[in-house]
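Structural description and commentary
Residues per chain are reported as follows:
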Amino acid sequence: MSAVVAIGDEPKSEENGKSSSDNAAFRFDGVWKPKGAMLGGVLLPPPALKAITLTIDKDKYEVAVEGEEHSDVGTFTLDPTTTPKRMTIKSTAGPNKGKTFFAIYEIKNADAMRVCYDLSGTDFPKEFKAPKGSKMYLVGYRRQVPDAGSGQINSATKSEAP
């Protein structure tokens, strides 16, 4: 299963190429794990969620899926001037190389965000839904933080809802 994801620290707006004040306080950079996800009306099971890791560094992303040989790597731009906010994702390496995906995103709190992707690559989703039979992929992400005692990465929040 190939996942698609993107968001970065100090994102650039498609319109002006500068950091948006709306997202400036939110730190996208880091390691993220999905807490819940739905693809075309079907919930992803916990083992599939656990296998996915999103790493963000400024305007670049990498999605690694345990058991897959190659990660999906690429860049993205954000447009925080729309409602909902939009994201354009361009894969540069891995299973989605050369593809462009459109998504909407919402910052839930300092360690949580949700993203809805149109995996058909045709248009931005209109709402945060992934109806049955669609190519919509809805994901709730939680930031991972190193555990001070072990160096292991743990979820930054205790909430179970995506």
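Scroll up to find the structure this text is about.
Below or above, wherever it landed, is the structure these notes cover. Worth saying up front: this structure is predicted, and the values here are computed from it rather than measured. (Residues numbered from 1 in each chain as written. Predicted model: local features only at pLDDT ≥ 70, side-chain atom pairs only at ≥ 80, totals over all residues. Heavy atoms only, no water.)

1. Topic: the environment of Ser91
We count it as follows: Helix numbers and strand numbers start at the N terminus; a helix is a DSSP run of H or I with at least 4 residues, a strand a run of E with at least 2. When a residue's accessible area, from a 1.4 Å probe over protein chains only, is under 20% of the maximum for its type it is buried; when over 50% it is exposed; and in between it is partly exposed. A 3.5 Å cut-off defines polar contacts: any pair of N or O atoms within that distance qualifies, except that in protein one atom must be a possible hydrogen donor and the other a possible acceptor, and neighbouring residues in sequence count only when both atoms are side-chain atoms.
Looking at the element boundaries, Ser91 is found in strand β6 (residues 85-93). Taking relative accessible area as the criterion, Ser91 reaches 5% and is therefore assigned buried. When the C-alpha atoms of Ser91 and Gly74 are compared, they prove to be 4.1 Å apart, with 17 residues separating the residues in sequence. A distance of 3.3 Å separates a polar atom in the side chain of Ser91 from the backbone nitrogen of Lys97.

2. Focus on the nonpolar core
In summary, soluble globular proteins display a tendency toward joint burial of nonpolar side chains. Quick note on the threshold: Nine residue types can take part in a nonpolar core, namely buried Ala, Val, Leu, Ile, Met, Phe, Trp, Tyr and Cys, and a core is a set of them joined through side-chain atoms within 4.5 Å.
Counting 27 residues, the largest nonpolar core has Leu54, Met87, Ile89, Tyr117 and Tyr141 as the members making the most contacts within it. Cys116, Phe128, Ala130 and Met136 belong to the second largest nonpolar core, which has 6 residues in total.

3. Focus on the packing of aromatic side chains
Our working definition: Aromatic rings from Phe, Tyr and Trp, with only the six-membered ring used for Trp, were paired whenever their centres fell within 6.5 Å, and each pair was classed as stacked if the ring planes differed by under 30 degrees, edge-to-face if by over 60, and tilted otherwise. Charge-over-ring contacts are defined here by two conditions on Lys NZ or Arg CZ: a distance within 6 Å of the ring centre and an angle within 35 degrees of the ring normal.
Tallying each qualifying case throughout the model produces 3 aromatic pairs. Geometrically, the ring pair formed by Phe28 and Tyr105 is edge-to-face, given 6.4 Å between the ring centres and 75° between the ring planes. With Phe28 in the loop between α1 (21-24) and β1 (30-39) and Tyr105 in strand β7 (residues 100-109), this pair connects stretches of sequence that are 77 residues apart. Owing to a relative accessible area of 0%, Phe28 belongs among the buried residues under this scheme. Ring geometry for Tyr117 and Tyr137: centres 5.7 Å apart, planes at 25°, overall stacked. Of the two residues, Tyr117 sits in strand β8 (residues 112-118) while Tyr137 sits in strand β9 (residues 136-146), which places them 20 residues apart along the sequence. The ring centre of Phe128 lies 4.0 Å from the NZ or CZ of Arg114, which sits over that ring.

4. Examining the pairing of strand β5 (residues 72-79)
Taken residue by residue, a regular strand's side chains alternate between the two faces of the sheet. Rule in force here: A pair of strands is considered paired only if DSSP assigns at least 2 bridges between the two.
The pairing of strand β4 (residues 60-65) with β5 spans 4 bridges and is classified as antiparallel. Of the residues in β5, the one forming a bridge with Tyr61 is Gly74. Two successive antiparallel strands, β4 and β5, enclose a turn made up of 6 residues, where Gly67 displays a positive phi of approximately 95°.

5. A closer look at the side chain of Asp72
Let me state the cut-off plainly: Positive: Lys, Arg. Negative: Asp, Glu. His and the chain ends are not part of the count. Every case where a carboxyl oxygen of Asp or Glu lies within 4 Å of a side-chain nitrogen of Lys or Arg is listed as a salt bridge.
Relative to the elements of secondary structure, Asp72 occurs in strand β5. Lys99 provides the closest opposite charge to the buried, salt-bridge-free Asp72, at an N-O distance of 8.4 Å. Engagement of the side chain of Asp72 in a polar contact is seen with the side chain of Tyr61, the distance being 2.9 Å.

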